[in-house]
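Chain by chain, the residues:
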2 protein chains.
Amino acid sequence: MNIILLSGGSGKRLWPLSNDIRSKQFIKIFRCQDGTYESMVQRVYRQIKKADSDAVITVATSKTQVSALHNQLGDDVGISVEPCRRDTFPAIALATAYLADVMHVDPEEAVVVCPVDPYVEDAYFEALKSLAAQAGKGEANLVLMGIEPTYPSEKYGYIIPESAEHTAAVRTFKEKPTADVAGQYIAQGALWNGGVFAYKLKYVLDKARELIHYTDYYELFSRYETLTKISFDYAVVEKEEKIQVQRFSGQWKDLGTWNTLTEAMEESVVGKGVLNETCTGVHIVNEMDVPVLAMGLHDVVISASPEGILVSDKEQSSYIKPYVDQFEQQVMFAEKSWGSFRVLDVETKSMTIKVTLNPGHRMNYHSHRNRDEVWVVISGEGKTIVDGFEQAVNPGDVITMSAGCRHTVIAQTELKLIEVQLGEDINVHDKQKFELEY
Amino acid sequence: MNIILLSGGSGKRLWPLSNDIRSKQFIKIFRCQDGTYESMVQRVYRQIKKADSDAVITVATSKTQVSALHNQLGDDVGISVEPCRRDTFPAIALATAYLADVMHVDPEEAVVVCPVDPYVEDAYFEALKSLAAQAGKGEANLVLMGIEPTYPSEKYGYIIPESAEHTAAVRTFKEKPTADVAGQYIAQGALWNGGVFAYKLKYVLDKARELIHYTDYYELFSRYETLTKISFDYAVVEKEEKIQVQRFSGQWKDLGTWNTLTEAMEESVVGKGVLNETCTGVHIVNEMDVPVLAMGLHDVVISASPEGILVSDKEQSSYIKPYVDQFEQQVMFAEKSWGSFRVLDVETKSMTIKVTLNPGHRMNYHSHRNRDEVWVVISGEGKTIVDGFEQAVNPGDVITMSAGCRHTVIAQTELKLIEVQLGEDINVHDKQKFELEY
């Protein structure tokens, strides 16, 4: 099975765990059997590999997520990087071209497109296979998944099929309705449109050639910024005549708010936290090293991260976005392809950061114009390169770097260091990268 | 007026703001007119000085609070340091001997004893003066303050006076009753015993000589550990025949729980925090640099500090202690006589701390057996002394210290540094102090 996972933009609805650079799909919140935690993207990736160990998985995303994807899924995952955000039609066209021109997938093969963050069981992936098989038959150009509604939701678009058969032609689509209207649609046999569909590769390649006039993946990538923003639904789905829908009745949850996310959590407490016996319906998701104590609360979610602390009535938590938008805050934690960093302290003319490098990984070789830096290695082994000078480093070693000096650190084992940045104008954009020859 | 302020032990009932080394009286929670915040002890100290600018104030406390007292009240405050905790009779005897033998107060002068942390208005301090004046007359050996009850509390002992006059003889004392019994006492004219009283210095000096057989303050101090634990109420008050009570009807609050503390707060939010419009009766006290967002909550207190995060129904917050007792946690923040420190990061073999020195102050000259340290100065100016070698330091300077090496830093301006501790066995007790000659 070829599968394109659409990994959407940053979301603030799960603040303080999601932020401008960490999207909700990267939050490690689901407990695995071995006691560790996995994120939405890790869970879906694992589930796909379980359903089809030969699946060719390509994540379509922006470059801001590439580091986190490699960090969480490893270096082998296929990534179709969008140079900028241009909505779903350009994104799917680019990922499809990537499959054809980079991965050399046969244009006659089927591909399934789905979001990276549904909360689903194994049956969902069997349904994806069925979707791909149906697309492969060529009866229709597009085969959509229609999710059997469990309530008259206002959050989803609806697909109205011609019949109640497992696979049916699509009669029409309906935009997100009011709850009343949704009830009427459901009475007519309507299904939720979860944005999951399959097609033969060549179908979207041809559509893209028709609508964007591109030659190949590389050419499309190079002029991606010039493309018009348009959704795949609007550009393709709604105009297609040969279109079918397959019913899906298994578990399918969209964990976009704290309310729905906590419903999917198996435990009340993730991280350090205590609920006293008078709490009911309370969830704690705590990424800090210090404990959270909750007493006498009902239907409340508490989440703490280096970005901030949320305490919300679960229903109210859906309305979080405008409040979070007003926080002017720098990013306090980020996953990178080489590891992660966390801001420990911010002062007017200094910033202190804890950097963790994964074994065998290294930072870019880089310099800063307006700040000096000091590294104190606190664990692990590796080497630093400062203005071309290599040095093995161990815990306790101190490296001082003046503004302008080129530097990197290469981890042999997992390596942690405290970085103190010093200067009048400390800014994440003050970074020049260089090729490292060694 | 001579006044002894009893500064009690560490309390966990206001966790996470109070901890093993920071007692509730040191939490800066009351907004001043200039927009800064003051603690209970700072508020009371300021109020006393306002009522009587010549007041001789002596704080009776354990040595663990001496640094915080100097930090918050300055170097001039008189402190009678208890070498260990021995309950209130030995503590008051020691403080009284301190006034006589160190401060050379005339034994005929009156002294007032009161807790360091009542939440009161200026009228309270006028009442203290009246208490002292009454004690000075010599009609009685002890003059107690009797607080007019506002409700039948189970939290206080009761004083039953002979009459309803402003100053009356005490008929009897009653232990903390049930609410029903408290109501009966109040119907008989009973008053709350707030632990506030006055006496002529020589009265307690004589009592102490009688019960402990000491010679002077210095001798008493040196054998303080050998004294029996006994309360002043039990040893003295309840046995005294010549005892009076003065009524006090002004505001008097005991801010011992989050519930009572938040009642006394003028603002809903101290520190970074946002309450959405659906919150009612919510208080946020946030000592962290990141925001707290509260949505849809009612009658809840949220407090965040480097020690942890509390989210509690206000009434439930009275029952916090056993939950906090189960947290095995190191101290993450402390005020010292020279400034303060905050733990930023804890790893198995390293700890990273932010140290702030007040202008003109310095750490003890000290060494550690089992850990190396690295200092990175991030702001301010001063000098370091490392194994006798002096060096001026400025932001960006790095000082490395091996285990065993003697070191200190002296702040000229306010000076901040990041300290990275490295070693197998990092422990607060691993500290040897030395005299510094310079």
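Quick caveat: nothing in here was measured; it's all calculated off a predicted structure. (Residues numbered from 1 in each chain as written. Chains lettered and ligands numbered in written order. Predicted model: local features only at pLDDT ≥ 70, side-chain atom pairs only at ≥ 80, totals over all residues. Heavy atoms only, no water.)

A. Fine view of the overall build of chain A. Across its full length, chain A holds 10 helices and 30 strands. In summary, chain A has a C-alpha radius of gyration of 24 Å against a globular reference of 22 Å for 438 residues, a match within 12%. Split into buried and exposed, the 438 residues of chain A put 55% on the buried side. Sequence-distant contacts in chain A: of pairs separated by 6 or more residues, those separated by 24 or more amount to 65%. Accessible surface, chain A as shown: approximately 18,500 Å² in total, 46% of it carbon and sulfur. Across chain A, 44 positive and 62 negative side-chain charges occur, with their mean positions spaced 1 Å apart. (Helix = DSSP H or I, 4+ residues; strand = E, 2+ residues; numbered from the N terminus. Rg over C-alpha atoms; globule rule 2.2 N^0.38 Å. Buried < 20%, exposed > 50% of the residue type's maximum accessible area, 1.4 Å probe, protein only. Contact = heavy atoms within 4.5 Å. Areas by Shrake-Rupley, 256 points an atom, 1.4 Å probe, with all protein chains shown as cover. Lys, Arg positive; Asp, Glu negative; His and termini not counted. Charge placed at Lys NZ, Arg CZ, Asp CG, Glu CD.)

B. Quick look at the pairing of strand β20 (residues 333–336) of chain A. Residue and element names in this part refer to chain A. Relative to strand β21 (residues 339–347), β20 is paired through four bridges, and the arrangement is antiparallel. Considered in β21, the bridge of Phe333 is made with Arg342. Hairpin geometry of β20 and β21 is characterised by an intervening segment of two residues between the two adjacent antiparallel strands. (Pairing = 2+ DSSP bridges.)

C. A look at the sheet that holds strand β19 (residues 308–313) of chain B. Reading across from one edge, β15(A)-β17(A)-β19(B)-β18(B)-β16(B)-β14(B) is the order of the six strands in this open sheet, with mixed pairing throughout. Single-partner strands in this sheet number two, and they are β15 (273–275) of chain A together with β14 (269–270) of chain B. Note that strand β17 (residues 292–295) of chain A and β19(B) share four bridges and pair parallel. Along β19(B), the bridge assignment pairs A:Val292 with B:Ile309.

D. Spotlight on the sheet that holds strand β16 (residues 283–286) of chain A. Taken in spatial order, the six strands of this open sheet run β14(A)-β16(A)-β18(A)-β19(A)-β17(B)-β15(B), and their pairing is mixed. In the strand order of this sheet, the two ends are held by β14 (269–270) of chain A together with β15 (273–275) of chain B, each with one partner.

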